[in-house]
Amino acid sequence: MFEKEVEKLKEEIKQAFEKVKDLKELQELKVKFLGKKGQITGLLKRLKELSIEEKRRFGKELNVLKDKVEELLKAKEKELIFKAEDRDEGLDLTLPGRRPGIGGLHPLSQVIDELCEAFTRLGFEVVTGPEIETEYYNFTALNIPEWHPARDMQATFYLENGSILRTHTSPIQIRTMLQRTPPLRIVAPGKVYRCDADVRHSPMFHQIEGLMVDKEVSFSDLKGVLTYFAKEIFGPKTRVRFRPSYFPFTEPSVEMDIGCVICNGKGCRVCSHTGWLEILGAGMVHPEVFRAVNYDTSIWQGFAFGLGIERIAMIKYGIDDIRLFFDNHLYFLQSFR
Ligand code: FA5
């Protein structure tokens, strides 16, 4: 009778350890066989009911069985932990794969691309120029002689060798006209530098320059091209207005405003309650500039314009601090993906 129970228990232990799937089940087996109320413990307690000879025989057998269960518990535990680690290391082929982080273009690069594409559709070609410039290309050839107060308007970074960091993209007008013969239509995006810093101004920022030279280019062409650009970038309902302004390299000169995209022209904090946002400077190319590049002013006319990329991006995305573009916070950059 006792012998049968021991044999039955041995078989039960064997099957239980074959089936166990995880550490929780293993713990349950430990309680089931070795716990205070466990099956082996129960049989050991009943030894006292047996004869001396049987006590000796089954006592020994039950203790061997107890040791065996303890060994099995240890071995199985190792095996199950190993399997669980395997899964953690990605060897579980049923788990979904880990995707690599996908980058995206910086919001300013996106705006530059968008602007270049809009002007390319009108036949403008994208060109670039150097960020380290000479005073001649940056100022003198653009009708800003050394004594001219306009030099002070663009607080300039000077290098030890007398070169400067360009203060605007306008020197690319000069470089392009010297290299090519008209007619020409170019846009030139790039970094520019001024000693200037607050929530709307950065010492390094981006501009895009535009220049069109041809026979019979008029102020109407300038207005048409810039109105098209504003509607492409800010939406077809965008209103524009042109105000007289001054740049030494254009005559007449204008500034273009768009109807405030935040308040729809009603007046708000962003547009200083005027209903308008200033977005670019422009004008007809000054004859002195054409003379500097040897273009015959009796044949060729042209218009030029220049705008700040950060300003366009800030209006477009409703950003009120220019420094966000350069702080490289991932949460900010990821919102433009
Ligand atoms: C110019 O730089 C002229 N070269 C533009 C031009 C080109 C006029 C061709 C006529 C013909 P201005 O100094 O206003 O103009 O600068 C143009 C734009 O650059 C400004 O409207 C503003 O949006 C941006 N800007 C100027 N300074 C900063 C700065 N420190 N940080 C960020 N944006 C700036």
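Before reading on, note that the structure itself is shown above.
Scope of this entry: the structure provided in the associated data block.

Take the overall build of the protein chain next. Within the protein chain, the secondary structure is distributed over 12 helices and nine strands. In terms of overall size, the protein chain is more extended than a compact globule, its C-alpha atoms giving a radius of gyration of 40 Å where 337 residues would be expected to give roughly 20 Å. Each principal axis of the C-alpha atoms in the protein chain carries an extent, and together these give about 130 × 50 × 35 Å. Among the 337 residues that make up the protein chain, the fraction classed as buried is 41%. Counting only contacts in the protein chain whose residues sit at least 6 apart along the sequence, the fraction spanning at least 24 positions is 66%. Working note: accessible area of the protein chain is about 19800 Å², and carbon and sulfur atoms make up 53% of it. If the 50 positive side-chain charges of the protein chain are averaged to one point and the 50 negative ones to another, these points end up 10 Å apart.

Turning our eyes to something else, we now look at the site of the ligand. The environment of the ligand is formed by 23 residues, the closest being His 168, Ser 170, Arg 194, Ser 202 and Gln 207. Separating a nitrogen atom of the ligand from a side-chain N or O atom of Ser 170 is a distance of 2.9 Å. Arg 194 places a side-chain nitrogen or oxygen 2.9 Å from an oxygen atom of the ligand. Contact with the protein chains hides 89% of the accessible area of the ligand, taken as 680 Å² for the molecule alone. With respect to the detected pockets, the ligand is housed in the largest pocket. Among the elements of the structure, strand S5 (204–214), strand S8 (276–285) and strand S9 (301–308) are those that each provide at least two residues to the shell around the ligand. The element contributing the most residues to the shell around the ligand is S9, with four residues. Of the residues belonging to the shell around the ligand, the class tally is seven nonpolar, 11 polar and five charged.

Within the largest apolar cluster, 45 residues are counted, with the highest numbers of intra-cluster contacts made by Phe 229, Ile 279, Leu 280, Phe 303 and Phe 305. Contributions of two or more residues to this core are made by helix H5 (107–120), S5, helix H9 (219–234), strand S7 (250–259), S8, S9, helix H11 (309–317) and helix H12 (330–334). Ignoring any residue separated from it by four or fewer positions in sequence, one finds Phe 303 in contact with Phe 124, Gly 210, Leu 211, Met 212, Val 217, Ser 218, Asp 221, Leu 222, Val 225, Gly 283, Met 284 and Val 285. In this structure, Ala 141, Leu 142, Met 177 and Phe 290 belong to the second largest nonpolar core, which totals 23 residues.

Our next topic: the pairing of S9. Pairing geometry for S5 and S9, over eight bridges, is antiparallel. The residue bridging Gly 210 from the neighbouring strand is Phe 305, located in S9. Relative to S9, S8 runs antiparallel, the two being bridged by five bridges. Residue pairing across strands places Gly 283 opposite Ala 304, the latter belonging to S9.

Procedures and definitions
- Residues numbered from 1 in each chain as written.
- Predicted model: local features only at pLDDT ≥ 70, side-chain atom pairs only at ≥ 80, totals over all residues.
- Heavy atoms only, no water.
- Helix = DSSP H or I, 4+ residues; strand = E, 2+ residues; numbered from the N terminus.
- Rg over C-alpha atoms; globule rule 2.2 N^0.38 Å.
- Buried < 20%, exposed > 50% of the residue type's maximum accessible area, 1.4 Å probe, protein only.
- Contact = heavy atoms within 4.5 Å.
- Areas by Shrake-Rupley, 256 points an atom, 1.4 Å probe, with all protein chains shown as cover.
- Lys, Arg positive; Asp, Glu negative; His and termini not counted.
- Charge placed at Lys NZ, Arg CZ, Asp CG, Glu CD.
- Near = heavy atom within 4 Å.
- Polar contact = N/O pair within 3.5 Å; in protein donor to acceptor, adjacent residues only side chain to side chain.
- 1 Å grid on protein atoms, 1.4 Å probe; cavity = no way out; pocket = protein on both sides within 12 Å on 5 of 7 lines; lining within 4 Å.
- Sits in = over half its atoms within 2 Å of the grid points.
- Nonpolar A, V, L, I, M, F, W, Y, C, P; charged D, E, K, R; others polar.
- Core = buried A, V, L, I, M, F, W, Y, C linked by side-chain atoms within 4.5 Å.
- Pairing = 2+ DSSP bridges.

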